[in-house]
Every structure is written in C-alpha cells, then in structure tokens.
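Architecture and fold: a report
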Amino acid sequence: MFYTIVGTQWGDEGKGKIVDWLSSKADFVVRFQGGNNAGHTIKVDKNIYKLNLLPSGIIRNKKCIIGNGVVLDPWALTNEISNLRNQKININNNNLFIAENVCLILPIHKLIDEINEESRGNNLIGTTKKGIGPAYEDKVGRRAIRLCDLNDHLNLELKIKYLYDFHFPRLEKYNRSIDYNEAYEGLIKISNEILTYSAPVWKIINDAGKKNKFILFEGAQGSLLDIDFGTYPYVTSSNTSSGQIFSGTGFGIKENHSVLGITKAYTTRVGSGPFVTELDDEIGNHFVEKGQEFGTVTKRKRRCGWFDSVLVSQSISINGITDVVLTKLDVLDEMKEIKICTGYRDGEKIFNYLPFDQNIQEKLIPIYESLPGWQSSTFGTTNWNDLPKKAQEYIECLESKIGIKISIISTGPDRAHTIDRNNLLGYN
Ligand code: IMP
C-alpha cells in the first residue's frame, strides 16, 4: 500500500496530523524533496516533537528514509537527532536511511540565500534563509557535495574548495567572505556520525515496494510553491508535487497508490507572491488569530484569504490527488458569510485556472460565490451527521467546485477531532 501526502495550497495546510496518523500504520516514511525549510509539529499524548528534516515516522520508530530529492543540512540533521534523542526518541542506522547521493547544504548556501534576497531589493521571495535554493542550484550545476563524498576526505577538500571558489566573485561583490575550511573541517567532524545512515535507499524502497509494504511519502511545503507549477518566482526550489516522489527517491511507478491532498478550509501563504483571495481586513485577521497562522520555521505571520477552488482544482490535477482532506473547518465557525473563489477576472477575460504570467497574476480579481455561515461550533466533531447543515452544504459546495470527494474533515488538532467519511484512515 502506497500513500503520498501533499499540500494543495502554499504549505501549512495541516499535513502533520494526517502524516502522523498514517505514519503510525506505515512500515516506511519517506521525505522526497525540500529540506529543513519544512516545520512539522507532532503531538503524541502529552509530548510535542519538532521536526524539520526527519520523516515524521521517526517518532514512532518506523523505518525512515531521506531520499536524494532532499537537500540536507548535515548540522541541522545532527541537531535534530540530538534534540529528539533528548526526548527519548530512538534513532539509529536501523530506522534512519539517507540516500548516498543526497546533496548537502553548506554554510555558504545560507550566506548566498541571504545575498540573493538582498539583491532582489523590493522583490524579496521571503525565503526561510536555510540555504535551500542555493543548494539546489549547486546540485543542478553539478558541483554539489553529496553524502557519499564524505567517504574520501582528500577529494572532499578539493570539491568544497572548487564550490567555494565558484561563488567567490559574487560574494566579493556583496562584500562577504567565507572560509571553505570551516565547512571542510566541520564535515570531517560529523562525517562518521552521518555516514552511518548512508544507504542505497532507492534499493531499500523498491524492495519494500515489491513486498507491498506500507510506504508513506511525506510531502513538504505545498503545490503552489512547486518550482515548476507554483507561483514562480515566489516558490521554493524543489518540485513539491507528487511526481517528485519518483525522481526524489528512485521508487518506480506502481499501482495501488493513493494521493491525499491536504487542504485548508481557507487559504494562507508565508513570504511574498501573488495571492488573489488575500484578505487585508478584519476577516483576514480573524483567520490569523483563530487559526494561529504563524510560521513554524520563521514565526512570520501568515497571509490569509478565502478558499480558492481554482488553485485547489489545479493542484488536484497536477498531483493526481485521489482524496482531499479538509482541515481547520472550525476556524470558519463564527463567519456570517463564507466566500469561495470560483474563477478570476482580468478585464473582460475570465480564467478558470491560474495563468503563469506574473503580470496577469497580479491583476486578477477573484470571482466569488457566497454561502451563509453556520455560526455554531464544529470543533471536535467526529461524525458527518453532527455537523451543522450549513457546514455540510459548504463542504458539498467545495466538492462540486473541485470535482473530487472530501473524504476526511479535520475539526481540531487532536487525532480524535476528525470525520473520516469513508473510513479511509480507519478513524471510525
Ligand atoms: P525557501 O524554501 O526557504 O527557499 O523559501 C521559498 C518560499 O517558500 C518562501 O515564500 C517560504 O516562505 C516558502 N516556504 C518554504 N518552506 C515552507 C513551508 O514549509 N511552509 C510554508 N511555506 C514555505
């Protein structure tokens, strides 16, 4: 059984709760893109665990894989492992496997991330400054340091020097400098520790696939931050869509694969970029306060707006989503009127998709359909029939717009706060 979990919006859709639930049943939990720009908070009983890089299944002692599609900050990794060990989480080379060909984030990448933002003036991307973009650039530029390079210290030094020299002119232009030795010596210190996790993960995962093990691919960020299909250039530097599971791990295409699209009942984004349904008013503030919309990694206040069925439909197609999980329904409880964006207008022209041209994106006016709010609490509801009639109508209206079933509705942070309409996760 294979499951992929992706966010259908700009990240922070509430993937953590569903990933955690499914990972408790999984044999393998796999990260296939991004890096420590992701932030997952997992609550198990009274304990709270913060994860950025490690697959969520590590909390439940599942076999966890970091695929080659990830960019790995080795110091962030060792810190995360040590913090989790302090919380009595068991991490060893029997439950953590890291692709030998994963590319590393070095200190220079964080510095370049900073310079890149500085050089954009008013057109900031608003990155997490974790060095993600520059590390992917070096991967594509064929000068990245990969995990397997730590086996050969002599060549490692030469490779790091080449990489640092390559970036020297730009650093000089921005009056910055960084010593390659810091990276080299730092890596030598931790190389033994991280090499213990190094493995041919493409092989492990395909062997598991042949035995029909339960493999959960854990997406980070959201589809609208995808480097190809997102709101470029205001995106992250990886493919966040489900297609990336194949090239980001080496897993071959197989049948029996469900793709769950996690979708918030309204829309949020952190960082810059177009956001057609953004609300700069009391309602937007209400979403921030009630939904506690502050970034887990950067603590920034998230921008909030109405549900955009155009974007979610687009994500459903691009990811091959089989079921939608609707989260944070209870944040809408007090609303008198609820709006759903069903299309965009640019002068006389109507769009039922988001065109890629940034100039057009910035001009688009949302076309809304309004529904009456239910103005009563849905918090913690576990049964569809216990939802207020108007909440049911809102969800059915969303389904008619996005053309796919909303199989799971999350009505609060706890596992129990879930309506599992088709017993897909076995919540009932
Ligand atoms: P980067 O991934 O640090 O390069 O940041 C690029 C864009 O993606 C910025 O707008 C970030 O705010 C956004 N971003 C990166 N990771 C996440 C995430 O996990 N959730 C939400 N937004 C993210």
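The shown structure was predicted, so the numbers you read here are calculated from the model rather than taken from an experiment.

Now for the environment of Lys 349. Mapped onto the elements of the fold, Lys 349 is located in strand β17 (residues 349-351). The class of Lys 349 is exposed, set by a relative accessible area of 51%. For the pair Lys 349 and Asn 422, spaced 73 residues apart in sequence, the C-alpha separation works out to 39 Å.

One face of the sheet, then the other: side chains in a regular strand alternate in exactly this way. Residues Leu 96 and Ile 98 point to one face of strand β7 (residues 96-99) and Phe 97 and Ala 99 to the other, with burial holding for every one of them. Examined bridge by bridge, strand β5 (residues 63-66) and β7 share 3 bridges and lie parallel to one another. If you follow Ile 66 over to β7, its bridge partner there is Ile 98. Across 2 bridges, the pairing between β7 and strand β9 (residues 198-199) is parallel. Bridge pairing links Ala 99 to Ala 199 in β9.

So, on to a nonpolar patch on the surface. Nonpolar side chains collect at one region of the surface, where Phe 229, Ile 318 and Phe 356 lie side by side and expose about 280 Å² of accessible area between them. Among the structural elements, Phe 229 can be located in the loop between β10 (215-218) and α8 (244-247). According to the relative accessible area criterion, Phe 229 is partly exposed, its value standing at 39%.

What follows covers the sheet that holds strand β2 (residues 28-31). Strand pairing in a sheet relies on backbone hydrogen bonds, with the paired strands running either antiparallel or parallel. Read across the open sheet, the 10 strands follow the order β9-β7-β5-β2-β10-β1-β11-β15-β19-β20; overall the sheet is mixed. The open sheet has two edge strands with one neighbour each: β9 and β20 (418-420). Relative to strand β15 (residues 323-327), strand β11 (residues 257-264) is paired through 5 bridges, and the arrangement is parallel. Directly across from Lys 264, in β15, lies its bridge partner Thr 327.

When cut into domains, the chain gives domain 1 (2-100 + 198-257), domain 2 (103-194) and domain 3 (262-420). Inter-centroid distance (C-alpha atoms) of domain 1 to domain 3 is 25 Å. Taken together, the contacts link 37 residues of domain 1 with 36 residues of domain 3. Summing the contributions of domain 1 and of domain 3, the shared interface buries around 2,800 Å²; its carbon and sulfur component is 56%.

Here the residue pair Tyr 232 and Pro 233 is connected by a cis peptide bond, since its omega of 5° sits within 30 degrees of zero. Tracing the chain through its elements places Pro 233 in the loop between β10 and α8. With phi around 60°, Asn 61 is a residue other than glycine that occupies positive phi space. You can see Asn 61 is positioned in the loop between β4 (47-51) and β5.

Right, let's get into the pattern of salt bridges. This structure, assessed with the given rule, holds 21 salt bridges. Across the salt bridge formed by Glu 118 and Arg 176, the nearest N and O atoms sit 2.9 Å from each other. Placement of Glu 118 in helix α3 (residues 107-119) and of Arg 176 in the loop between α5 (153-173) and α6 (180-195) is noted, with a sequence separation of 58 residues between them. Overall, the relative accessible area of 45% leaves Glu 118 in the partly exposed class. Using a relative accessible area of 22% as the deciding quantity, one classes Arg 176 as partly exposed. Between Lys 328 and Glu 293 there is a salt bridge, and its shortest N-O distance comes to 3.0 Å. In this pair, Lys 328 is assigned in the loop between β15 and β16 (337-346) and Glu 293 in the loop between α9 (282-290) and β13 (303-305), connecting sequence segments 35 residues apart.

Around the ligand, 15 residues are found, and the nearest of them are Asp 12, Asn 37, Thr 128, Thr 236 and Arg 300. With respect to the ligand, the backbone of Gly 126 contributes an N or O atom lying 3.3 Å from an oxygen atom. Between Arg 300 and the ligand, the recorded distance is 3.0 Å, taken from a side-chain N or O atom to an oxygen atom. Out of a free accessible area of 470 Å², the ligand has 95% covered by protein chains. Along the lines of polarity and charge, the residues of the shell around the ligand split into 6 nonpolar, 7 polar and 2 charged.

Applying the stated rule across the entire model yields 8 aromatic pairs. Measuring from centroid to centroid gives 5.1 Å for Phe 217 and Phe 251, while their planes differ by 50°, and the two rings are tilted. Here Phe 217, found in strand β10, pairs with Phe 251, found in the loop between α8 and β11; they are 34 residues apart in sequence, far enough to count as distant. The interplanar angle of 25° and the centroid separation of 4.6 Å between the aromatic rings of Tyr 266 and Phe 287 together place this pair among those described as stacked. A residue pair is termed long-range when its members are at least 10 positions apart, and Tyr 266 in the loop between β11 and β12 (267-269) and Phe 287 in helix α9 qualify at 21 residues.

Right, let's talk about α9 for a bit. Since the α-helix advances by 3.6 residues per turn, residues separated by three or four positions end up pointing in the same direction. The complete set of buried residues in α9 reads Gly 284, Phe 287 and Val 288. Down the axis of α9, the smallest arc covering the buried residues is 100°, so these residues share one side. Of the residues in α9, the exposed ones pointing more than 90 degrees away from the buried face are Glu 282 and Glu 289. Elements that come into contact with the buried residues of α9 comprise β13.

Let us now look at the layout of surface pockets. What the second largest pocket holds in volume is close to 170 Å³. Every residue along the wall of the second largest pocket is listed here: Asn 68, Gly 69, Tyr 136, Lys 139, Val 140, Ser 237, Ser 238, Asn 239, Gln 244 and Ser 247. Those elements giving two or more residues to the lining of the second largest pocket turn out to be α4 (132-140) and α8. The element contributing the most residues to the lining of the second largest pocket is α4, with 3 residues. Split by residue class, the lining of the second largest pocket holds 2 nonpolar, 7 polar and 1 charged. Taken domain by domain, the lining of the second largest pocket gets at least three of its residues from each of domain 1 (2-100 + 198-257) and domain 2 (103-194).

Conventions we followed
- Residues numbered from 1 in each chain as written.
- Predicted model: local features only at pLDDT ≥ 70, side-chain atom pairs only at ≥ 80, totals over all residues.
- Heavy atoms only, no water.
- Helix = DSSP H or I, 4+ residues; strand = E, 2+ residues; numbered from the N terminus.
- Buried < 20%, exposed > 50% of the residue type's maximum accessible area, 1.4 Å probe, protein only.
- Pairing = 2+ DSSP bridges.
- Patch = residues over 30% accessible without salt bridge, like charges linked within 9 Å, V, L, I, M, F, W, Y side chains within 5 Å.
- Areas by Shrake-Rupley, 256 points an atom, 1.4 Å probe, with all protein chains shown as cover.
- Salt bridge = Lys/Arg side-chain N within 4 Å of Asp/Glu carboxyl O.
- Domains from an automatic or database assignment.
- Contact = heavy atoms within 4.5 Å.
- Buried area = accessible area lost by both parts, 1.4 Å probe.
- Near = heavy atom within 4 Å.
- Polar contact = N/O pair within 3.5 Å; in protein donor to acceptor, adjacent residues only side chain to side chain.
- Nonpolar A, V, L, I, M, F, W, Y, C, P; charged D, E, K, R; others polar.
- Phe/Tyr/Trp six-rings, centres within 6.5 Å; stacked < 30°, edge-to-face > 60°.
- Arc of directions from axis to C-beta.
- 1 Å grid on protein atoms, 1.4 Å probe; cavity = no way out; pocket = protein on both sides within 12 Å on 5 of 7 lines; lining within 4 Å.
- Points joined across faces, edges and corners; volume = space filled by probe spheres on them.

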